[in-house]
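Read off the chains here:
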Amino acid sequence: MKSAAFGSRPVGVLLFLTMAALVLSVVPSSAQASTVSMDINPCLGGSYYMMMMLGPSNDEDDKKLDECEPATNGLFPMFNINLVRPIMDMLNSYFGNHNVGGPPAAYRRADNNEAKRAELARWIDRQSGTGMPAGVTPRETTGEAIQRWIQPLRDSQVNGWFNTTWSSPRDDHRPTRYDSDIWTLTMGADMPMLVDGLLVGIFGSFTNSDVDSTFNNGGVESKLGTIGPYFSYTLNEFLAFDVTVAGVFGQHENTVGAPPATTPLGMGSSPKARGEQDVDGFFISMNANGNYWIGNWGVQGRLGFLHSDMETDSFALASGGASVRIPSRNNEITQISLATQINYFMAQGLPYCEAVKALPFFRITWNYDLDHDNIQLPFGVPQHPNDDDEVVLGWGVSLFGNGPFSGSLEAGRTVARKEFESWMVSGTVSYAF
(Lines give C-alpha, C1' and ligand atoms only; values in the text may rest on other atoms or scores of the structure.)
Protein backbone atom coordinates (compact mmCIF):
# COMPACT_ATOMS: atom_id res chain seq x y z
CA MET A 1 0.00 0.00 0.00
CA LYS A 2 2.71 2.41 0.98
CA SER A 3 4.82 1.65 -2.04
CA ALA A 4 1.86 2.11 -4.30
CA ALA A 5 0.98 5.46 -2.72
CA PHE A 6 4.60 6.51 -2.85
CA GLY A 7 4.87 5.62 -6.55
CA SER A 8 1.84 7.68 -7.62
CA ARG A 9 3.22 10.88 -6.15
CA PRO A 10 6.30 11.10 -8.45
CA VAL A 11 4.05 10.40 -11.42
CA GLY A 12 1.76 13.27 -10.46
CA VAL A 13 4.70 15.58 -9.95
CA LEU A 14 6.12 14.57 -13.29
CA LEU A 15 2.81 15.25 -15.07
CA PHE A 16 2.55 18.66 -13.37
CA LEU A 17 6.09 19.62 -14.40
CA THR A 18 5.43 18.47 -17.97
CA MET A 19 2.25 20.58 -18.24
CA ALA A 20 4.03 23.59 -16.74
CA ALA A 21 6.83 23.26 -19.27
CA LEU A 22 4.31 23.12 -22.11
CA VAL A 23 2.52 26.24 -20.86
CA LEU A 24 5.79 28.13 -20.48
CA SER A 25 6.84 27.12 -23.97
CA VAL A 26 3.53 28.36 -25.45
CA VAL A 27 3.32 31.69 -23.62
CA PRO A 28 6.50 33.22 -25.10
CA SER A 29 5.46 32.20 -28.60
CA SER A 30 2.05 33.82 -28.11
CA ALA A 31 3.63 36.99 -26.79
CA GLN A 32 6.03 36.98 -29.70
CA ALA A 33 3.15 36.50 -32.16
CA SER A 34 1.35 39.43 -30.59
CA THR A 35 4.44 41.59 -30.97
CA VAL A 36 4.84 40.57 -34.62
CA SER A 37 1.17 41.35 -35.22
CA MET A 38 1.70 44.83 -33.87
CA ASP A 39 4.80 45.43 -36.00
CA ILE A 40 4.08 43.63 -39.27
CA ASN A 41 0.80 43.45 -41.16
CA PRO A 42 -0.24 39.77 -41.48
CA CYS A 43 -1.09 40.47 -45.11
CA LEU A 44 2.66 40.70 -45.77
CA GLY A 45 3.67 37.25 -44.55
CA GLY A 46 5.46 34.77 -46.76
CA SER A 47 2.34 32.60 -46.93
CA TYR A 48 0.39 35.52 -48.40
CA TYR A 49 3.07 36.06 -51.04
CA MET A 50 2.98 32.36 -51.96
CA MET A 51 -0.81 32.42 -52.18
CA MET A 52 -0.63 35.37 -54.56
CA MET A 53 1.84 33.52 -56.77
CA LEU A 54 0.36 30.00 -56.59
CA GLY A 55 -3.29 30.58 -55.67
CA PRO A 56 -5.22 29.52 -52.54
CA SER A 57 -4.96 25.92 -51.37
CA ASN A 58 -7.86 25.85 -48.88
CA ASP A 59 -10.78 27.86 -47.53
CA GLU A 60 -8.58 29.62 -44.98
CA ASP A 61 -6.28 30.80 -47.77
CA ASP A 62 -9.35 32.06 -49.66
CA LYS A 63 -10.30 34.17 -46.66
CA LYS A 64 -6.78 35.59 -46.27
CA LEU A 65 -6.53 36.55 -49.93
CA ASP A 66 -9.98 38.15 -49.84
CA GLU A 67 -9.02 40.19 -46.78
CA CYS A 68 -5.57 41.22 -47.96
CA GLU A 69 -5.90 41.81 -51.72
CA PRO A 70 -4.95 45.47 -52.31
CA ALA A 71 -7.94 47.65 -53.12
CA THR A 72 -6.56 48.88 -56.44
CA ASN A 73 -6.03 45.38 -57.82
CA GLY A 74 -9.49 44.29 -56.72
CA LEU A 75 -11.42 47.37 -57.84
CA PHE A 76 -9.57 48.95 -60.72
CA PRO A 77 -11.60 47.38 -63.55
CA MET A 78 -14.63 49.33 -62.30
CA PHE A 79 -12.52 52.17 -60.90
CA ASN A 80 -11.01 52.74 -64.35
CA ILE A 81 -14.25 53.93 -65.92
CA ASN A 82 -15.23 55.81 -62.75
CA LEU A 83 -12.24 58.14 -63.16
CA VAL A 84 -12.91 58.79 -66.85
CA ARG A 85 -16.71 59.00 -66.79
CA PRO A 86 -17.10 62.40 -65.02
CA ILE A 87 -14.77 63.99 -67.58
CA MET A 88 -16.66 62.46 -70.51
CA ASP A 89 -20.08 63.41 -69.14
CA MET A 90 -18.90 66.98 -68.70
CA LEU A 91 -17.43 67.19 -72.21
CA ASN A 92 -20.56 65.65 -73.76
CA SER A 93 -22.68 68.27 -72.02
CA TYR A 94 -20.33 71.02 -73.20
CA PHE A 95 -20.53 69.82 -76.81
CA GLY A 96 -24.29 69.49 -76.48
CA ASN A 97 -24.59 73.14 -75.48
CA HIS A 98 -22.67 74.14 -78.60
CA ASN A 99 -24.66 71.90 -80.92
CA VAL A 100 -28.09 72.47 -79.45
CA GLY A 101 -29.00 75.35 -81.71
CA GLY A 102 -28.93 73.62 -85.06
CA PRO A 103 -27.23 75.52 -87.89
CA PRO A 104 -24.36 77.25 -86.08
CA ALA A 105 -24.33 80.69 -87.61
CA ALA A 106 -22.19 81.53 -84.61
CA TYR A 107 -19.36 79.55 -86.20
CA ARG A 108 -19.51 81.57 -89.42
CA ARG A 109 -17.12 84.41 -90.11
CA ALA A 110 -18.55 87.89 -89.73
CA ASP A 111 -17.43 88.85 -93.23
CA ASN A 112 -19.60 86.13 -94.82
CA ASN A 113 -21.91 88.10 -97.13
CA GLU A 114 -24.68 85.51 -97.01
CA ALA A 115 -24.65 85.58 -93.22
CA LYS A 116 -24.74 89.39 -93.29
CA ARG A 117 -27.80 89.41 -95.53
CA ALA A 118 -29.56 86.87 -93.28
CA GLU A 119 -28.76 88.94 -90.21
CA LEU A 120 -30.08 92.08 -91.92
CA ALA A 121 -33.33 90.27 -92.79
CA ARG A 122 -33.75 89.17 -89.19
CA TRP A 123 -33.11 92.72 -87.97
CA ILE A 124 -35.86 94.06 -90.28
CA ASP A 125 -38.26 91.40 -89.01
CA ARG A 126 -37.52 92.25 -85.40
CA GLN A 127 -38.37 95.89 -86.03
CA SER A 128 -41.96 95.07 -86.95
CA GLY A 129 -42.51 92.97 -83.83
CA THR A 130 -45.98 91.90 -84.90
CA GLY A 131 -47.32 88.37 -84.83
CA MET A 132 -44.01 86.78 -83.74
CA PRO A 133 -43.79 83.80 -81.35
CA ALA A 134 -41.92 84.60 -78.15
CA GLY A 135 -38.26 85.16 -79.00
CA VAL A 136 -38.54 83.84 -82.56
CA THR A 137 -38.64 85.99 -85.70
CA PRO A 138 -40.56 84.90 -88.81
CA ARG A 139 -37.31 84.11 -90.61
CA GLU A 140 -35.62 81.92 -88.00
CA THR A 141 -36.27 78.62 -86.31
CA THR A 142 -36.07 78.11 -82.57
CA GLY A 143 -32.63 76.59 -83.02
CA GLU A 144 -31.44 79.67 -84.88
CA ALA A 145 -32.90 81.89 -82.18
CA ILE A 146 -30.92 79.97 -79.58
CA GLN A 147 -27.75 80.36 -81.61
CA ARG A 148 -28.41 84.08 -81.66
CA TRP A 149 -28.22 83.99 -77.86
CA ILE A 150 -25.44 81.44 -77.40
CA GLN A 151 -21.98 82.91 -77.13
CA PRO A 152 -21.30 84.60 -80.50
CA LEU A 153 -18.10 82.82 -81.55
CA ARG A 154 -18.28 84.65 -84.88
CA ASP A 155 -17.39 87.77 -82.88
CA SER A 156 -14.87 86.04 -80.62
CA GLN A 157 -11.84 83.99 -81.58
CA VAL A 158 -11.46 82.03 -78.32
CA ASN A 159 -13.97 80.58 -75.88
CA GLY A 160 -12.53 79.59 -72.49
CA TRP A 161 -14.34 77.49 -69.91
CA PHE A 162 -13.99 76.01 -66.43
CA ASN A 163 -15.83 73.05 -64.89
CA THR A 164 -15.98 71.38 -61.51
CA THR A 165 -17.57 67.94 -61.06
CA TRP A 166 -18.25 65.77 -58.02
CA SER A 167 -19.25 62.12 -58.28
CA SER A 168 -19.70 59.28 -55.77
CA PRO A 169 -19.31 55.79 -57.30
CA ARG A 170 -20.31 53.05 -54.89
CA ASP A 171 -20.09 49.25 -55.05
CA ASP A 172 -22.44 47.24 -52.79
CA HIS A 173 -21.01 43.77 -53.51
CA ARG A 174 -19.74 42.73 -50.07
CA PRO A 175 -16.37 41.17 -51.11
CA THR A 176 -15.49 44.36 -53.04
CA ARG A 177 -17.62 46.94 -51.23
CA TYR A 178 -16.39 50.52 -51.42
CA ASP A 179 -17.58 54.13 -51.18
CA SER A 180 -15.82 56.95 -52.97
CA ASP A 181 -15.75 60.68 -53.60
CA ILE A 182 -14.23 61.98 -56.83
CA TRP A 183 -13.58 65.68 -57.48
CA THR A 184 -12.52 66.82 -60.95
CA LEU A 185 -11.47 70.35 -61.96
CA THR A 186 -11.23 70.98 -65.70
CA MET A 187 -10.21 73.97 -67.84
CA GLY A 188 -10.34 74.27 -71.60
CA ALA A 189 -10.40 76.65 -74.54
CA ASP A 190 -11.46 76.36 -78.18
CA MET A 191 -11.83 78.42 -81.33
CA PRO A 192 -13.21 78.02 -84.87
CA MET A 193 -10.59 76.97 -87.40
CA LEU A 194 -10.03 76.27 -91.09
CA VAL A 195 -13.62 75.64 -92.24
CA ASP A 196 -17.10 76.69 -91.18
CA GLY A 197 -18.46 74.50 -88.41
CA LEU A 198 -15.10 73.14 -87.16
CA LEU A 199 -14.19 73.85 -83.55
CA VAL A 200 -10.75 72.88 -82.18
CA GLY A 201 -9.88 72.97 -78.49
CA ILE A 202 -7.68 71.62 -75.72
CA PHE A 203 -8.47 70.80 -72.11
CA GLY A 204 -6.71 69.73 -68.95
CA SER A 205 -8.11 68.34 -65.70
CA PHE A 206 -7.05 67.34 -62.20
CA THR A 207 -8.87 64.53 -60.42
CA ASN A 208 -8.67 63.73 -56.73
CA SER A 209 -10.45 60.55 -55.61
CA ASP A 210 -10.81 59.02 -52.16
CA VAL A 211 -12.01 55.40 -52.00
CA ASP A 212 -12.83 53.61 -48.74
CA SER A 213 -12.76 49.83 -49.29
CA THR A 214 -14.49 48.21 -46.32
CA PHE A 215 -13.77 44.66 -47.47
CA ASN A 216 -10.07 44.97 -46.57
CA ASN A 217 -10.21 47.83 -44.06
CA GLY A 218 -8.29 49.94 -46.57
CA GLY A 219 -8.66 52.35 -49.43
CA VAL A 220 -7.14 54.14 -52.40
CA GLU A 221 -6.39 57.85 -52.69
CA SER A 222 -5.63 58.98 -56.23
CA LYS A 223 -4.30 62.13 -57.83
CA LEU A 224 -4.56 62.07 -61.61
CA GLY A 225 -4.02 64.54 -64.43
CA THR A 226 -5.68 64.44 -67.84
CA ILE A 227 -4.80 66.50 -70.93
CA GLY A 228 -5.78 66.31 -74.57
CA PRO A 229 -7.38 67.93 -77.63
CA TYR A 230 -11.00 67.86 -78.77
CA PHE A 231 -12.73 68.58 -82.06
CA SER A 232 -16.33 69.45 -82.84
CA TYR A 233 -17.76 69.68 -86.35
CA THR A 234 -21.29 70.78 -87.22
CA LEU A 235 -22.35 69.33 -90.56
CA ASN A 236 -25.78 70.93 -90.84
CA GLU A 237 -28.71 71.99 -88.71
CA PHE A 238 -29.45 68.40 -87.72
CA LEU A 239 -26.10 66.67 -87.25
CA ALA A 240 -22.80 67.34 -85.45
CA PHE A 241 -19.76 65.26 -84.46
CA ASP A 242 -17.11 65.49 -81.74
CA VAL A 243 -13.89 63.61 -80.91
CA THR A 244 -11.78 63.73 -77.74
CA VAL A 245 -8.37 62.10 -77.18
CA ALA A 246 -6.61 62.41 -73.83
CA GLY A 247 -3.69 61.06 -71.84
CA VAL A 248 -4.02 60.20 -68.15
CA PHE A 249 -1.18 60.08 -65.61
CA GLY A 250 -0.86 60.14 -61.83
CA GLN A 251 -0.53 58.04 -58.72
CA HIS A 252 -2.55 55.72 -56.44
CA GLU A 253 -1.78 55.52 -52.73
CA ASN A 254 -3.03 52.10 -51.56
CA THR A 255 -3.86 51.19 -47.98
CA VAL A 256 -4.66 47.70 -46.68
CA GLY A 257 -5.62 47.08 -43.05
CA ALA A 258 -5.26 43.83 -41.11
CA PRO A 259 -8.56 42.11 -40.28
CA PRO A 260 -9.15 42.01 -36.47
CA ALA A 261 -9.34 38.20 -36.57
CA THR A 262 -5.62 38.00 -37.36
CA THR A 263 -4.62 39.53 -34.00
CA PRO A 264 -3.80 36.67 -31.55
CA LEU A 265 -5.71 36.62 -28.26
CA GLY A 266 -7.31 39.94 -29.19
CA MET A 267 -4.14 41.75 -28.10
CA GLY A 268 -2.72 44.70 -30.04
CA SER A 269 -3.62 45.82 -33.53
CA SER A 270 -1.68 45.42 -36.74
CA PRO A 271 -0.61 48.63 -38.58
CA LYS A 272 -1.93 49.35 -42.05
CA ALA A 273 0.16 48.36 -45.02
CA ARG A 274 0.78 51.10 -47.59
CA GLY A 275 2.15 51.38 -51.08
CA GLU A 276 2.20 53.93 -53.90
CA GLN A 277 1.96 53.07 -57.58
CA ASP A 278 2.12 55.13 -60.77
CA VAL A 279 -0.77 55.17 -63.22
CA ASP A 280 -0.79 56.13 -66.89
CA GLY A 281 -3.06 55.53 -69.86
CA PHE A 282 -5.33 57.18 -72.38
CA PHE A 283 -8.93 57.32 -73.57
CA ILE A 284 -10.66 58.25 -76.82
CA SER A 285 -14.27 59.32 -77.22
CA MET A 286 -16.30 59.84 -80.41
CA ASN A 287 -19.92 61.03 -80.64
CA ALA A 288 -22.51 61.74 -83.30
CA ASN A 289 -25.12 64.29 -82.15
CA GLY A 290 -28.53 64.89 -83.71
CA ASN A 291 -30.84 67.91 -83.16
CA TYR A 292 -34.46 68.59 -84.03
CA TRP A 293 -36.75 71.42 -82.94
CA ILE A 294 -40.52 71.85 -82.89
CA GLY A 295 -41.34 75.32 -81.66
CA ASN A 296 -39.49 75.92 -78.39
CA TRP A 297 -39.14 72.20 -77.71
CA GLY A 298 -36.02 70.41 -78.88
CA VAL A 299 -34.83 66.81 -78.95
CA GLN A 300 -31.20 65.74 -79.07
CA GLY A 301 -29.82 62.28 -79.66
CA ARG A 302 -26.28 60.96 -79.27
CA LEU A 303 -24.50 57.80 -80.36
CA GLY A 304 -21.16 57.51 -78.59
CA PHE A 305 -18.05 55.32 -78.43
CA LEU A 306 -15.46 55.26 -75.62
CA HIS A 307 -12.25 53.27 -75.19
CA SER A 308 -10.10 53.61 -72.07
CA ASP A 309 -6.78 51.88 -71.39
CA MET A 310 -5.04 52.25 -68.00
CA GLU A 311 -1.80 50.70 -66.72
CA THR A 312 -1.05 50.51 -62.99
CA ASP A 313 2.61 49.84 -62.21
CA SER A 314 3.82 47.20 -59.76
CA PHE A 315 4.54 48.47 -56.26
CA ALA A 316 5.70 47.35 -52.82
CA LEU A 317 2.99 47.02 -50.17
CA ALA A 318 4.91 47.59 -46.94
CA SER A 319 4.31 47.62 -43.18
CA GLY A 320 6.63 47.34 -40.18
CA GLY A 321 9.74 46.65 -42.25
CA ALA A 322 8.14 43.83 -44.27
CA SER A 323 6.83 44.18 -47.80
CA VAL A 324 5.35 42.22 -50.66
CA ARG A 325 5.45 43.26 -54.31
CA ILE A 326 2.08 43.67 -55.99
CA PRO A 327 2.26 43.01 -59.75
CA SER A 328 1.33 45.59 -62.38
CA ARG A 329 -2.05 45.40 -64.04
CA ASN A 330 -3.57 46.65 -67.29
CA ASN A 331 -7.27 47.47 -67.52
CA GLU A 332 -9.22 48.26 -70.65
CA ILE A 333 -12.84 49.12 -71.25
CA THR A 334 -14.69 49.66 -74.54
CA GLN A 335 -18.14 51.16 -74.30
CA ILE A 336 -20.93 52.41 -76.55
CA SER A 337 -23.71 54.73 -75.47
CA LEU A 338 -27.09 55.92 -76.67
CA ALA A 339 -28.55 59.10 -75.25
CA THR A 340 -31.59 61.27 -75.79
CA GLN A 341 -32.21 64.72 -74.35
CA ILE A 342 -35.31 66.93 -74.24
CA ASN A 343 -34.77 70.70 -74.10
CA TYR A 344 -37.10 73.64 -73.64
CA PHE A 345 -36.00 77.12 -74.73
CA MET A 346 -37.27 79.83 -72.33
CA ALA A 347 -37.26 82.50 -75.02
CA GLN A 348 -38.54 85.27 -72.75
CA GLY A 349 -35.57 84.89 -70.42
CA LEU A 350 -35.41 84.47 -66.67
CA PRO A 351 -37.86 86.33 -64.43
CA TYR A 352 -36.50 89.78 -63.63
CA CYS A 353 -33.56 89.08 -65.95
CA GLU A 354 -34.84 88.74 -69.51
CA ALA A 355 -31.34 89.20 -70.96
CA VAL A 356 -30.38 85.73 -69.67
CA LYS A 357 -31.96 82.86 -71.60
CA ALA A 358 -32.46 79.47 -69.98
CA LEU A 359 -32.52 76.00 -71.52
CA PRO A 360 -33.74 73.37 -69.00
CA PHE A 361 -33.07 69.79 -70.11
CA PHE A 362 -33.56 66.17 -69.13
CA ARG A 363 -31.28 63.41 -70.46
CA ILE A 364 -31.27 59.63 -70.30
CA THR A 365 -28.18 57.65 -71.36
CA TRP A 366 -27.66 53.93 -71.81
CA ASN A 367 -24.04 52.75 -71.59
CA TYR A 368 -23.07 49.25 -72.69
CA ASP A 369 -19.64 47.69 -72.15
CA LEU A 370 -18.56 45.92 -75.32
CA ASP A 371 -15.49 44.73 -73.46
CA HIS A 372 -14.22 45.20 -69.92
CA ASP A 373 -11.91 43.47 -67.47
CA ASN A 374 -13.94 41.69 -64.82
CA ILE A 375 -13.23 42.14 -61.14
CA GLN A 376 -11.50 38.88 -60.17
CA LEU A 377 -12.08 37.35 -56.74
CA PRO A 378 -10.44 34.33 -55.05
CA PHE A 379 -11.94 30.91 -55.57
CA GLY A 380 -14.89 30.30 -53.25
CA VAL A 381 -15.67 34.01 -52.79
CA PRO A 382 -18.99 35.18 -54.33
CA GLN A 383 -18.10 36.63 -57.71
CA HIS A 384 -18.79 40.23 -58.61
CA PRO A 385 -21.80 40.66 -60.96
CA ASN A 386 -19.58 42.42 -63.54
CA ASP A 387 -22.72 43.80 -65.20
CA ASP A 388 -22.32 45.09 -68.76
CA ASP A 389 -24.73 48.02 -68.88
CA GLU A 390 -26.09 50.95 -66.93
CA VAL A 391 -28.55 53.83 -67.24
CA VAL A 392 -27.57 57.41 -66.40
CA LEU A 393 -30.28 60.00 -65.70
CA GLY A 394 -29.28 63.65 -66.04
CA TRP A 395 -31.09 66.95 -65.61
CA GLY A 396 -30.08 70.58 -65.42
CA VAL A 397 -30.19 73.97 -67.08
CA SER A 398 -27.98 75.90 -69.51
CA LEU A 399 -27.82 79.69 -69.21
CA PHE A 400 -26.63 82.12 -71.88
CA GLY A 401 -27.10 85.69 -73.05
CA ASN A 402 -25.67 88.37 -75.29
CA GLY A 403 -22.70 88.96 -73.00
CA PRO A 404 -19.42 87.05 -72.82
CA PHE A 405 -20.55 84.67 -70.03
CA SER A 406 -22.56 81.46 -70.28
CA GLY A 407 -22.78 78.31 -68.19
CA SER A 408 -24.68 75.26 -67.05
CA LEU A 409 -25.61 73.32 -63.93
CA GLU A 410 -26.30 69.59 -64.03
CA ALA A 411 -26.98 66.62 -61.75
CA GLY A 412 -26.98 62.92 -62.61
CA ARG A 413 -27.72 59.50 -61.21
CA THR A 414 -26.31 56.15 -62.40
CA VAL A 415 -28.68 53.20 -61.97
CA ALA A 416 -29.36 49.70 -63.38
CA ARG A 417 -25.78 48.35 -63.02
CA LYS A 418 -25.95 45.47 -60.53
CA GLU A 419 -24.73 46.37 -57.06
CA PHE A 420 -23.33 49.70 -58.32
CA GLU A 421 -24.65 53.26 -58.16
CA SER A 422 -23.36 56.82 -58.38
CA TRP A 423 -24.41 60.47 -58.06
CA MET A 424 -22.89 63.34 -60.03
CA VAL A 425 -23.11 67.16 -59.78
CA SER A 426 -21.41 69.43 -62.32
CA GLY A 427 -21.14 73.14 -63.10
CA THR A 428 -19.54 74.93 -66.07
CA VAL A 429 -18.75 78.59 -66.74
CA SER A 430 -17.68 79.84 -70.21
CA TYR A 431 -16.23 83.16 -71.29
CA ALA A 432 -15.84 84.34 -74.88
CA PHE A 433 -12.73 86.46 -75.50
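As shown above, the structure is provided for reference.
Per chain, residues are indexed from 1 in the order of the written sequence. In keeping with the model being predicted, local features are shown solely for residues with a pLDDT of at least 70 and side-chain atom pairs are shown and tallied solely at 80 or more, while totals for entire chains, interfaces and linings include all residues. Hydrogen atoms and water are omitted, and side-chain values are computed over all heavy atoms in the structure.

**Q** With reference to specific residues and values, describe the overall build of the protein chain.
**A** Numbering goes from the N terminus for both helices and strands, where a helix is a DSSP run of H or I of at least four residues and a strand is a run of E of at least two. Each helix and strand counted, the protein chain has six helices and 15 strands in total. Looking at the protein chain as a whole, 46% of its 433 residues qualify as buried. Residues are treated as being in contact if the distance between any of their heavy atoms lies within 4.5 Å. Taking all contacts inside the protein chain whose residues are at least 6 apart in sequence as the whole, residues at least 24 apart take part in 68%. A total of about 20900 Å² of accessible surface is found on the protein chain, and carbon and sulfur atoms cover 64% of it. Each residue is placed in one exposure class: buried if its accessible area under a 1.4 Å probe, protein chains only, is under 20% of its type's maximum, exposed if it is over 50%, and partly exposed if it falls in between. Using a 1.4 Å probe, accessible areas were evaluated by the Shrake-Rupley method; residue-level cover was limited to the displayed protein chains.

**Q** How would you explain the nonpolar core if you had to name every residue and give the values?
**A** Core analysis: the largest hydrophobic core is formed by 21 residues, its most contacted members being Leu91, Trp161, Phe203 and Phe283. Counting residues per element, the ones that place at least two in this core are α4 (71–99), β5 (218–234), β6 (239–256), β7 (273–294) and β8 (297–312). Only buried Ala, Val, Leu, Ile, Met, Phe, Trp, Tyr and Cys residues count toward a nonpolar core, and they belong to the same one when joined by side-chain atoms within 4.5 Å.

**Q** Pulling in residues and values, what's your account of a nonpolar patch on the surface?
**A** Together, Val195, Tyr233, Leu235 and Phe241 give the surface a local cluster of nonpolar side chains, amounting to about 340 Å² of exposed area. As for its placement among the helices and strands, Val195 is situated in the loop between β3 (178–192) and β4 (198–213). Note that patches include only residues with greater than 30% relative accessible area and no salt bridge, and the join distances are 9 Å for like charges and 5 Å for nonpolar side chains (Val, Leu, Ile, Met, Phe, Trp, Tyr). For salt bridges, the criterion is a side-chain nitrogen of Lys or Arg within 4 Å of an Asp or Glu carboxyl oxygen.

**Q** Before we move on, can you summarise the pairing of strand β1 (residues 159–167) with the specific residues and values?
**A** Both β1 and strand β15 (residues 420–432) contribute to a ladder of nine bridges, which runs antiparallel. Paired with Trp166 across the bridge in β15 is Val425. In the sheet, β1 pairs with β3 via nine bridges, with the strands oriented antiparallel. By the bridge assignment, Phe162 is partnered in β3 with Met187. Strands were regarded as paired on the criterion that DSSP finds at least two bridges between them.

**Q** Lay out the packing of aromatic side chains in plain terms, naming residues and giving numbers.
**A** Geometry of aromatic contacts follows a simple scheme: Phe, Tyr and Trp rings, the Trp one being its six-membered ring, pair when their centres are within 6.5 Å, and the pair is stacked under 30 degrees between planes, edge-to-face over 60, tilted otherwise. With the rule as written, the count across this model stands at nine aromatic pairs. Relative to Tyr431, the ring of Phe405 lies with its centre 4.8 Å away and its plane at 65°, an arrangement referred to as edge-to-face. Here Tyr431 lies in strand β15 and Phe405 lies in strand β14 (residues 405–417), a separation of 26 residues in the sequence. Given the relative accessible area of 53%, Phe405 is considered exposed. Overall, Tyr431 belongs to the partly exposed group, its relative accessible area being 31%. Members of the aromatic cluster, joined through ring pairs, are Trp161, Phe203 and Tyr230.

**Q** Help me get a handle on the pattern of salt bridges, residues and values and all.
**A** Applying the stated criterion to the full structure yields eight salt bridges. The partner of Lys223 in a salt bridge is Glu221, with the nearest N and O atoms 3.1 Å apart. For the salt bridge of Glu421 with Arg413, the shortest nitrogen-to-oxygen distance reads 3.3 Å. Glu421 gets classed as partly exposed once you look at its relative accessible area, which sits at 23%. Through salt bridges with shared partners, one network takes in Arg170, Asp172, Asp179, Arg413 and Glu421.

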